[in-house]
Amino acid sequence: MAEVVIVDSVGSAGEVAADVVQRLVAERPDAVLGLATGSTPVPLYRALERRVAAGGLDLSRLRGFALDEYVGLPEGHEQSYASVIRREVVEPLRLDASAVHVPDGRPQDIETAGARYEAQLEEAGGIDLQILGLGTDGHIGFNEPGSSFASLTRVKTLTEQTRRDNARFFTSPREVPMHCITQGVGTILRARHLLLLAFGEGKAEALAAAVEGPLTASVPGSAIQLHARVTVVVDEAAASRLARADYYRYAWANKPSWQAV
Ligand code: GLP
């Protein structure tokens, strides 16, 4: 079962998630972090940024792999995940840019880009901690409903809902790309620890389906139930549809001190 941590604010969620990253880096300064984009991981990145700026955390040896990328955005487009990761993660967290990878979403050689990314991941020794957000339709990475639990990094077609959800980052909905390249559900399940974040009422249904619903490719996030080490950090609004919320609070309040997050 996933460890579900319900906190009272998005800010505290960022701190709890930052503790998980900090503990990993203390053990392994050159750990491999799986990086998510979207608005959800921002509080985590800001919490890490504050710790780095205060001198209490050095992430300069950390390695990173982004979950996904749009296909076909012009090079350097400010909404490409390569740009977002550089702006939101690499620069503020003072990571080594040459150690941070994003799937190659350029149209040329796109058919081999998935396999190339998988090879890079393997060469790095795999992901130690994968940060995940959750789409309102239950997607993780850009694995839309129906994605195989065995899937590896590949090109996918975005659903209309995801394109609408992400239109807020673009000047017009038509500008949101139709295709993306994403780590597969199978790729995500190979990470040694999953850290799923979700905030707000809009994620409540997808979160309950992912954490407590039946295992189904129709809710790609439900694949986390197959993983032995999952930490889910959510606010009260996102937790509002969880049937076992009281138990999760009780388990967190009574967590044995020897048990690391
Ligand atoms: C996006 C990203 C996902 C992200 C999810 C939720 O489309 N590809 O990695 O987790 O959808 O986005 P947000 O955090 O902005 O709600």
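Residues numbered from 1 in each chain as written. Predicted model: local features only at pLDDT ≥ 70, side-chain atom pairs only at ≥ 80, totals over all residues. Heavy atoms only, no water.

Further remarks concern the pairing of strand E6 (residues 129-132). By the alternation rule, side chains of E6 split into Leu129 and Ile131 and Gln130 and Leu132, which are all buried. Of the pairings in the sheet, the one linking E6 to strand E9 (residues 194-198) comprises 3 bridges and is parallel in character. In the sheet register, Ile131 faces E9, and the bridge partner there is Leu195. (Buried < 20%, exposed > 50% of the residue type's maximum accessible area, 1.4 Å probe, protein only. Helix = DSSP H or I, 4+ residues; strand = E, 2+ residues; numbered from the N terminus. Pairing = 2+ DSSP bridges.)

Further remarks concern the sheet that holds strand E2 (residues 32-35). Overall, parallel pairing links the 7 strands, which are arranged E1-E10-E9-E6-E2-E3-E5 in an open sheet. A single partner strand is all that each edge strand has here, and the edge strands are strand E1 (3-7) and strand E5 (100-101). In this sheet, strand E3 (residues 63-66) lies alongside E2 in parallel orientation, the contact comprising 4 bridges. Residue pairing across strands places Val32 opposite Arg63, the latter belonging to E3.

Further remarks concern the packing of aromatic side chains. For any pair of aromatic rings, the description rests on two quantities: the centre-to-centre distance and the angle between the ring planes. In the structure shown here, the tally under the stated rule is 6 aromatic pairs. Between Phe65 and Tyr117, the ring centres sit 5.7 Å apart and the planes meet at 70 degrees, which makes this aromatic pair edge-to-face. Highlighted residues: Phe65 in strand E3 and Tyr117 in helix H4 (residues 110-123), separated in sequence by 52 residues. For Phe65, a relative accessible area of 2% corresponds to the buried category. Taking the centre distance of 5.6 Å and the plane angle of 80 degrees together, the rings of Tyr70 and Phe170 count as edge-to-face. With Tyr70 in strand E4 (residues 68-70) and Phe170 in the loop between helix H5 (160-166) and strand E8 (179-182), this residue pair connects regions lying 100 residues apart in the sequence. Relative accessible area serves as the criterion here: at 3%, Tyr70 is assigned to the buried category. Note on Phe170: relative accessible area 8%, which makes it buried. (Phe/Tyr/Trp six-rings, centres within 6.5 Å; stacked < 30°, edge-to-face > 60°.)

With that settled, consider the layout of surface pockets. What the largest pocket holds in volume is close to 390 Å³. Lining the largest pocket are 21 residues, with Gly38, Leu134, Gly135, His139 and Lys203 positioned closest to its centre. When grouped by side-chain class, the residues that make up the lining of the largest pocket number 7 nonpolar, 10 polar and 4 charged. A volume near 290 Å³ is recorded for the second largest pocket. Along its surface, the second largest pocket is lined by 16 residues, and Glu69, Glu75, Ala82, Gly105 and Arg106 are the ones closest to its centre. Among the secondary structure elements, those contributing two or more residues to the lining of the second largest pocket are E4 and helix H3 (81-90). Among the elements that make up the lining of the second largest pocket, the one with the highest residue count is H3 (3 residues). (1 Å grid on protein atoms, 1.4 Å probe; cavity = no way out; pocket = protein on both sides within 12 Å on 5 of 7 lines; lining within 4 Å. Points joined across faces, edges and corners; volume = space filled by probe spheres on them. Nonpolar A, V, L, I, M, F, W, Y, C, P; charged D, E, K, R; others polar.)

So, on to unusual backbone geometry. Its identity as a non-glycine residue notwithstanding, Arg94 has a phi of 55 degrees, on the positive side. Looking at the element boundaries, Arg94 is found in the loop between H3 and E5.

The immediate surroundings of the ligand are formed by 13 residues, with Ser39, Thr40, Asp68, Arg168 and Lys203 found nearest. A distance of 2.6 Å separates an oxygen atom of the ligand from a polar atom in the side chain of Lys203. Protein chains shield 94% of the accessible area of the ligand, which is 390 Å² for the free molecule. More than half of the atoms of the ligand fall within 2 Å of the grid points belonging to the largest pocket. (Near = heavy atom within 4 Å. Polar contact = N/O pair within 3.5 Å; in protein donor to acceptor, adjacent residues only side chain to side chain. Areas by Shrake-Rupley, 256 points an atom, 1.4 Å probe, with all protein chains shown as cover. Sits in = over half its atoms within 2 Å of the grid points.)

The next point concerns the nonpolar core. By size, the foremost hydrophobic cluster in this structure holds 67 residues, and its most contacted members are Val4, Leu44, Leu195, Leu207, Val232, Val234 and Leu242. Considering each element in turn, this core owes the most residues, 8 residues, to helix H1 (residues 10-27). When near neighbours in sequence (up to four residues on either side) are disregarded, Leu207 contacts Leu134, Leu196, Ala198, Glu212, Val232, Val234, Ala238, Ala239 and Leu242. (Core = buried A, V, L, I, M, F, W, Y, C linked by side-chain atoms within 4.5 Å. Contact = heavy atoms within 4.5 Å.)

The next point concerns the side chain of Glu69. The residue Glu69 is located in strand E4 in this model. The buried charged residue Glu69 lacks any salt bridge partner; its closest oppositely charged side chain belongs to Arg86, at an N-O distance of 8.5 Å. Here the side chain of Glu69 touches Tyr81 through a polar contact of 2.7 Å, landing on its backbone nitrogen. One polar contact links the side chain of Glu69 to the main-chain amide nitrogen of Ala82, over a distance of 3.0 Å. The contact partners of Glu69, leaving out residues within four places of it in the chain, are Ser80, Tyr81, Ala82, Val102, Pro103, Gly105, Phe142, Cys180 and Ile181. (Lys, Arg positive; Asp, Glu negative; His and termini not counted. Salt bridge = Lys/Arg side-chain N within 4 Å of Asp/Glu carboxyl O.)

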